[in-house]
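Below, each chain spelled out in residue letters.
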Amino acid sequence: MIKQVFRVLKMYCPTCPMRLEAIEDELPGIKRIKASYQKEQMIIEYDESQVTEAQIRQAVEAKGYGLEIKTA
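Residues numbered from 1 in each chain as written. Predicted model: local features only at pLDDT ≥ 70, side-chain atom pairs only at ≥ 80, totals over all residues. Heavy atoms only, no water.

Quick notes on helix α3 (residues 53–62)
Piece 1. Within α3 the residues assigned to the buried category are I56, A59 and V60. All buried residues of α3 fall inside an arc of 100 degrees around its axis, so they share one side. Facing away from the buried surface of α3 by more than 90 degrees, the exposed residues are A54, Q58 and A62.
Piece 2. Lining the buried residues of α3 we find α1 (16–21), α2 (23–26), β2 (30–36), β3 (41–46) and β4 (66–69). (Buried < 20%, exposed > 50% of the residue type's maximum accessible area, 1.4 Å probe, protein only. Helix = DSSP H or I, 4+ residues; strand = E, 2+ residues; numbered from the N terminus. Arc of directions from axis to C-beta. Contact = heavy atoms within 4.5 Å.)

Examining the sheet that holds β4
Piece 1. Taken in spatial order, the four strands line up as β2-β3-β1-β4 in an open sheet, and their pairing is antiparallel. At either end of the open sheet lies a strand with only one pairing partner, and these are β2 and β4. Strand-to-strand twist in this sheet, taken as the mean axis angle between neighbours without regard to direction, amounts to 30 degrees.
Piece 2. Relative to β4, strand β1 (residues 2–9) runs antiparallel, the two sharing four bridges. What sits directly across from R7, in β4, is E68. (Pairing = 2+ DSSP bridges. Axes fitted to C-alpha atoms, helices over the stretch in contact; angles between N-to-C directions.)

Re the confidence of the model for the protein chain
Piece 1. Of the residues in the protein chain, 97% have a pLDDT of 70 or more, and the chain-wide mean is 92.
Piece 2. When pLDDT is averaged over each helix and strand of the protein chain, the minimum, 88, is found for β4 and the maximum, 96, for β2. (pLDDT = per-residue confidence, 0-100.)

What follows is the structure, given as structure tokens:
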């Protein structure tokens, strides 16, 4: 299980996190998604044997957002 923090680009309103959190139901292997409009980030816990970072990125981009790995 991997827990990763991503910076979300193009998040313009407080309802955007709900659209991103819906990915949890769309991709197998995602345990939890917590998105924050204020922090412009998304924390994802996922099983790397069932879903890849590339698949997550593709799902986020399909919803109209960009994604970067967030560094400290």
